[in-house]
Amino acid sequence: MSLRTLLALGLAFAWAAPATAQQQTKPGETPCETPRCVEQEDDSTSDALLWVPRAMLRLPRLALDASMRLLVLAAGVEEEHHIAEEVSDLLFNDARTFGVIPTAFYETGFKPSVGVRVIHRDLAGRREGLRLRALFAGLEQQHYEAQAHSGSRLGALKLHASAAYNRFDDLRFYGLGNADAVDTLRGHPPRSAYERSFAVRTRYRREEARGSVGLSRQVTARLALGGTLQLRRRDLSVGDLQDRDSTPWADVIFKPESLTGLSEASTDAYGEAVLGWDDRRATREDVPLALASTGLRVALWGGAQAALDDSRGSFARVGGDVRRYIDLAQGNRVLVLRLRSAWAIGRLRAMPFSDLPSLGGSQLLRGYPSGRFTDRGSVLATVEYRYPVQDNLASYLFIDAGRVVDTLSDLGPSGLGAARVGFGGGLDLFSTGGLMLRLQLASSIDGGLYFNFLLDASDEYERT
Amino acid sequence: MSGPEHRQLGLLVACALLAACGGASISELRFHNRAPIEAIDDTTPISKPDEREQGERAWQIDALLHVPLDHALSIPGPQHARDVNALDELPRSSWFEPRIAMRALTPQEIACGPAGCERARTLASARFTIKSAKKAGTAPGFLVKCDVGRYLLKIDTSAPEAETGADIVVQRLLWAAGYHVPSNEVVYLARDQLTIDPEAKLTDADVDEVLAPAPRDAAGRIRVLLSEFLEGKPIGGFPMLGVRRDDPNDAIPHQHRRSLRGLELFFAWLGQTDVKEANTLDMWVPASEESQLGYVRHHQLDFGKALGTWGLHGRQRDAFAPHFDYADATSSLLSFGLSRWPWEDIKTPALRGVGRFEASRFDPAGYSPTNPYGPFLYTDRFDRYWAAKIIARFSPAQLEAAIAAGRYTDQAARVYLLSTLIARQRKAVAYGFSEVSTLDHFEVNGSSDAGFSLCARDLAVATRFARPEHTRYSLRVYDWDGEPIDAAEARAAQDGKVCVAGLVMGSTRDHYTMVAYETVPERGPPAHIVVHLALGPGSGRMRVIGIERR
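Residues numbered from 1 in each chain as written. Chains lettered and ligands numbered in written order. Predicted model: local features only at pLDDT ≥ 70, side-chain atom pairs only at ≥ 80, totals over all residues. Heavy atoms only, no water.

## Thoughts on the overall build of chain B
- Of the regular secondary structure elements, chain B holds 13 helices and 18 strands.
- In terms of overall dimensions, chain B is globule-like: its C-alpha atoms have a radius of gyration of 25 Å, near the 24 Å expected for 550 residues.
- Dimensions along the principal axes, computed over C-alpha positions, put chain B at roughly 80 × 65 × 45 Å.
- The proportion of buried residues among the 550 residues of chain B is 58%.
- Pairs at least 24 apart in sequence give 71% of the contacts found in chain B among residues at least 6 apart.
- Split by element, the accessible area of chain B, about 21,500 Å² in all, is 53% carbon and sulfur. (Helix = DSSP H or I, 4+ residues; strand = E, 2+ residues; numbered from the N terminus. Rg over C-alpha atoms; globule rule 2.2 N^0.38 Å. Buried < 20%, exposed > 50% of the residue type's maximum accessible area, 1.4 Å probe, protein only. Contact = heavy atoms within 4.5 Å. Areas by Shrake-Rupley, 256 points an atom, 1.4 Å probe, with all protein chains shown as cover.)

Dropping the structure here:
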C-alpha cells in the first residue's frame, strides 16, 4: 500500500469538536454532577443481590490483604538490603561463567535428596569446563561427582575427566526377566535369580568410586566420536536380617551364588567408544532451544569391562539410543519417538547383576519402580508428546513400552507383545538453555503411581 | 445526607431498576442545570509530598497477585468513571488535557511534539555534559545536560531504531491525545558532542562501551533518545489503585479515573505493554522557583517497549497475555497444545526498527499488558468509547507525522508502521464503538416560546463503521417528571449527522427535557442514549446539560 493511499484513508475520521461553555470546578471538587458520580458501588439491581457473597468473601479478602502486606514487607526488606543480588553475587560471577546452583531430586522408592551443582564454563579462557555435583539424602544415599573438559583448548579434540563416588543402601533388585512381581517368598528357601519365572522386590547396597578419562572429537557439526576409559572400585552388599524394613535383602530371596558380585568388593576397568549424531534444532527463533522442535539424536556405544582382581566381572556392552523429534505444529508441539536398546555380552554368570541392563524408574520405562526389570538385554520404545503451557513452561505426555530379554530370539512378535507399558506426563520449567524444574507422574498397565521431582540446572535439555 | 441527596439516591435506585428492565425506558436521573464542567481545579497549592517509591518486587506482588485476586474476591459491579463531566467527557485536569479532541492538531504539531519544532534542531547541534550513568530501568544510558535543559539519554539495545522509534511515536500520540508525557526526541549526535563531567565517575571507555550497541548514521553519528527532565520535582510514580494520601487534590481513586482506565484501549492500539507504576511519574510543580507550594502533575513515561518492540526480546505473547496467565496455563495444560494461541503465527517484519507489531491478529478485546494493571480491571465500555473517539480523531497524516518524529531510516518501515497503525486504529475504534450508542456532539436550537431542534453526530456512521441507510433512530421526548410529551423518527446523513426539528420541550423546571434515542443498527442490538436539556438561565436558549449513555 502506498503512502498516498494510506493518507487518503484519513477522510473518514475528520469531524469538528463541539464548542462548549467553559466551566471549572471549585478547588478540590471532582466533576461530580450526577448521583452516579457519588454512589458508585451499588448502582445496579444485580449488585444489590451480591451483598451476601461479598460479605462472605470479606474475611478471605482481609486474609489476602494481610498476607500480601507481609509479602510486600518481605520484598521491601529484600530490595532494601539487595538480598537476592547479594545471593546472586555469592553464587555467580559477573560473567556468569561460574555458578553454584541448588539441586533437589526425588523419585518414588528413594529418599528426597538435596544438593548443589557447581558449574564453571570457562576455567582458563578456552571454555574449559568444570562441573561438580553433590546430592545427599543421608549417609545411606549420597552421590558426588566431578567432571572437567578441555573446552576448545585442544581444538576439535576435547579431553574429559571425571570422578564420582556414590552410595545407595536401598537399591532394588527383582531377579532377572519380566515376570510379574509377587509380594514375597520369605520363609521359602532362596531360589536362583536366573529362573525368570518369578520376581520379588528385594534390596541391596552399592558403594562405588570411579574415575575416568576420555577423548572426544567433533567430526562435523553433527557427528561426534569419543572414547572413555574408566576405573571403578565397587562393593555390593546386603544388610543384616534384623532390619525392620519389609523389603527383604536380596540374599534372603535369591541364592547368593546367583547374585554375581554380591558381597565382593571388586575393581574393574571399562573402556567404551561412543558415536553420536545430533542435529536437533528449534524451528522457530522464539522457541527456546531447550525445546528441540525437530531433528535426530543418535548415540551408539560399545565397550568392554575387565575385572582387575579375582572377582568375576569381565564382559562387553553394546547399545544404541535413537531419538527422532517431529515438529507437529508451531515448533513447540513436538512428537518424540525413541528406541533404545542395551546389551551385556558374555557369560551371564560372570556379570555382576547390578551391571546388567535394567528398566524402570524416572527415565527408562517410566511407570515402574527403578530396577524393576533386569536381564542381559533391554529394549525400550517411547512415544512422547511435548507441548507448551506458558513461556518456559512445557508439559509432556508419554507412553513407554519395553522389556528385558535374555537372547535376541526373545525379541520376536510374542516377546515384544508381552512388553510392559508405562504412561504418564509431566511439567518442565526451563530457562533458555536448560531444564530447571521437572514434575513427573507415571503409572503403568500393572498399576502403581510413580512421582519424580527434579530441581537442577543443565546446559542442555537432556534426559538419559 | 440532605433531603435532596436522599431523593437523588432514591432516584438512582429507581433508575437502576428501570435500567435493568430495559434500555428504552426513561430513568429518574436528572442533571443540574448548568454548563458541563470543562476543567477540574486540582491544582490547589500544597507543600511537596514525600517521594513515593515502590520496589519492583512489591509492584509485582501487587500486580500479579494482590490486585487481581482482591478484585475477583470483591465481586465488583459496574463502576462508572468518576472523573467525567455531565457529558461523560474528561475535563482538563492535572491528569489529562484534551488536545486532539478539542481541535485538529496539525501534522507538524504532532511531529514536533510538546517541546515544539525548534527543540529537535537545537538538540542536534547542542553540546552535552554527561552528569552520571542512568540508574533506573534496564536500558543503559546517561543523565546529560545541555544549554536547553537536562535529559535522560537512552539508546537502542534490542534492535536498531526499535526502542527509540517506538518511544517517540507513542509519546507523540499520547501527548496529542491529552496525556502528560515528557518531551522526547530522537537525535543523532557526534561522539564529540558528549563530554564527561569530572564528577561523573565515568571514563571515555565507559561511555563508549554503553554507546557501542547504538545504531549510527552514515556520518558515524550516534542515534540516541533524549528525554527531557519534567518540570518540577519528582515524587515517584502514582499508585495504580486508590489515591496519593499526601495530595489533597488527588480525590478520585485511580481505578475510577477514566484517564487511566481508558488508557487500556490506547495501549492496545499502540502495543504498549510495559505498564507499571515505575512507568508513571508524579511531578510536584511549584508555583514559582522559590515557592514552597505547588501542585502535582501526573505523567506517563517510557514507551520504548511499545509497537511490538518487546516481542523482539522473545516475548511472543507480548500484548496478548501477561507474563504468566493462570487461566491460560490451566486451559493450555488441559487442552494438550491442541488450541492455537493467537500470537503463534505472527511473524516479525524484516524491517529496520519494526517490532513484532501487526494488525491481522490484533484484537483490542484480547489486549493484555505484561502485568495486570489495576485501573484496567475496571475499564468499562464507556471508557473504551471515550478512548475510541479520541483514537478515531487521528488522521493518517497525523499518524505519519508521529512516525516521522521517530526518524526511522527505512522508508518501508515507515509505510509498514503507518498501515499497521491505521489498521489497528480501525479495529480499536470499531471495538470502542460497538458497545454503546455512538451518538455524540449534540447541538440544540430552541427557545422557551417554540419547539426545538436537536442534532447529533453518529460517529459510527461518520467513521463508516455503520451505513446511514441501514441505521434508524427513534426518539422519545420526556419532561422533568418523565412523562412522554413527543416522539420522532430520524435517519442519518452520509456524514453521520442526525437532526430532528420541531420537538416539544418540557414545561417545568427550566423546560427540563429529556430526549431518549434508540439507535437500531444494521447488526447487533439497539443502543440507547438520553440527552438532558434545559433552558440556560438568562440566555433563553435550550442547551445540553447532560448525557446518559446506557
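## As for helix α2 (residues 56-73) of chain B
- A rise of 1.5 Å per residue sets the reference length of α2 of chain B, with its 18 residues, at 26 Å; its end C-alpha atoms lie 25 Å apart and thus fit the reference within 8%.
- A bend of about 40° at Asp62 of chain B is the largest found in α2 of chain B.
- Listing the buried residues of α2 of chain B in full gives Ala58, Trp59, Ile61, Asp62, Ala63, His66, Val67 and His71 of chain B.
- In this structure, the buried side of α2 of chain B is in contact with α5 (58-80) of chain A.
- Ile75 of chain B sits one or two positions beyond α2 of chain B and adopts a positive phi of about 40°. (Expected span 1.5 Å × (residues − 1). Bend = angle between axes of the 7 residues up to and from the residue.)

## Examining the nonpolar core
All names here are of chain B.
- In terms of nonpolar packing, the biggest core is built from 67 residues, with Leu174, Phe266, Leu307, Phe394 and Leu421 touching the most fellow members.
- When residues of this core are traced back to their parent elements, those giving at least two are α2, α5 (162-177), α8 (263-270), α10 (381-393), α11 (396-405) and α12 (411-433).
- The dominant element in this core, judged by the number of residues it contributes, is α12, at nine residues.
- Within the second largest apolar cluster, 29 residues are counted, among which are Leu439, Ala460, Ala490 and Ile547. (Core = buried A, V, L, I, M, F, W, Y, C linked by side-chain atoms within 4.5 Å.)

## A word on the state of the cysteines
Residue and element names in this part refer to chain B.
- Applying the stated criterion to the full structure yields two disulfides over all chains.
- Across the disulfide from Cys112 sits Cys117; the S-S distance is 1.5 Å. Taking the sign of the S-S torsion, 80° for the link of Cys112 and Cys117, the bridge is right-handed.
- Residue Cys112 is classed as buried on the basis of its relative accessible area, which comes to 11%.
- Ordering the disulfide-forming cysteines of chain B by sequence position, one finds them joined as 1-2, 3-4.
- Of all cysteine sulfurs, the one in Cys112 lies closest to Cys146, which takes part in no disulfide; the gap is 17 Å. (Disulfide = S-S within 2.5 Å.)

## Side note on the sheet that holds strand β15 (residues 497-503) of chain B
Residues and elements named next belong to chain B.
- Spatially, three strands are ordered β11-β12-β15 in an open sheet, and the strand pairing comes out antiparallel. The open sheet has two edge strands with one neighbour each: β11 (439-446) and β15. Strand-to-strand twist across the sheet, computed as the mean angle between neighbouring axes with direction ignored, equals 15°.
- One ladder, built from six bridges, connects β11 with strand β12 (residues 452-458); its direction is antiparallel. Bridge assignment links Val444 to a residue of β12, and that residue is Leu454. (Pairing = 2+ DSSP bridges. Axes fitted to C-alpha atoms, helices over the stretch in contact; angles between N-to-C directions.)

## Some details on the confidence of the model for chain B
Residue and element names in this part refer to chain B.
- Per-residue pLDDT for chain B has a mean of 89; in total, 94% of the residues score no lower than 70.
- Taken element by element, the predicted model of chain B shows its lowest mean pLDDT in helix α1 (residues 3-21) (38) and its highest in α8 (98).
- Within the model, the stretch residues 1-24 combines pLDDT values under 50 with 31 contacts to residues more than four positions away or in other chains.
- Predicted complex, confidence summary: ipTM 0.78, pTM 0.82. (pLDDT = per-residue confidence, 0-100.)

## Quick notes on the environment of Val52 of chain A
Residue and element names in this part refer to chain A.
- In this structure, Val52 sits in helix α4 (residues 51-56).
- On the accessibility criterion, Val52 (37% relative accessible area) is partly exposed.
- Sequence-wise, Val52 and Pro248 are 196 residues apart; in three dimensions their C-alpha atoms are separated by 60 Å.

## Considerations on the side chain of Ser474 of chain B
All names here are of chain B.
- Along the chain, Ser474 falls in strand β13 (residues 472-479).
- On the accessibility criterion, Ser474 (10% relative accessible area) is buried.
- Side chain to side chain, Ser474 and Glu489 meet in a polar contact 3.2 Å long.
- Not counting residues within four places of it along the chain, the set of residues in contact with Ser474 comprises Ala488, Glu489, Ala516, Tyr517 and Glu518. (Polar contact = N/O pair within 3.5 Å; in protein donor to acceptor, adjacent residues only side chain to side chain.)

## Details of the packing of α8 of chain B against α12 of chain B
Residues and elements named next belong to chain B.
- Where α8 meets α12, the axes come as close as 9 Å, and the angle between the chain directions of the two elements is 150°. Between α8 and α12, the angle falls in the class roughly antiparallel. The element α8 and its partner α12 pack so that their crossing is right-handed. Counted together, Leu265, Ala268, Trp269 and Leu270 of α8 and Leu421, Arg424, Gln425, Ala428, Tyr431 and Gly432 of α12 form the full contact between these two elements.
- Looking at the contact of α8 with α12 residue by residue, the class counts come to seven nonpolar, two polar and one charged. (Parallel < 35°, antiparallel > 145°, perpendicular 65-115°, else oblique. Left-handed = near helix turned anticlockwise from the far one by under 90°. Nonpolar A, V, L, I, M, F, W, Y, C, P; charged D, E, K, R; others polar.)

## Brief notes about α5 of chain B
All names here are of chain B.
- The first and last C-alpha atoms of α5 sit 22 Å apart over 16 residues, in line with the 22 Å expected at 1.5 Å per residue.
- In terms of burial, α5 is a largely internal element, 16 of the 16 residues being buried.
- Positive phi appears at Gly178, one or two residues downstream of α5, with a value of about 140°.

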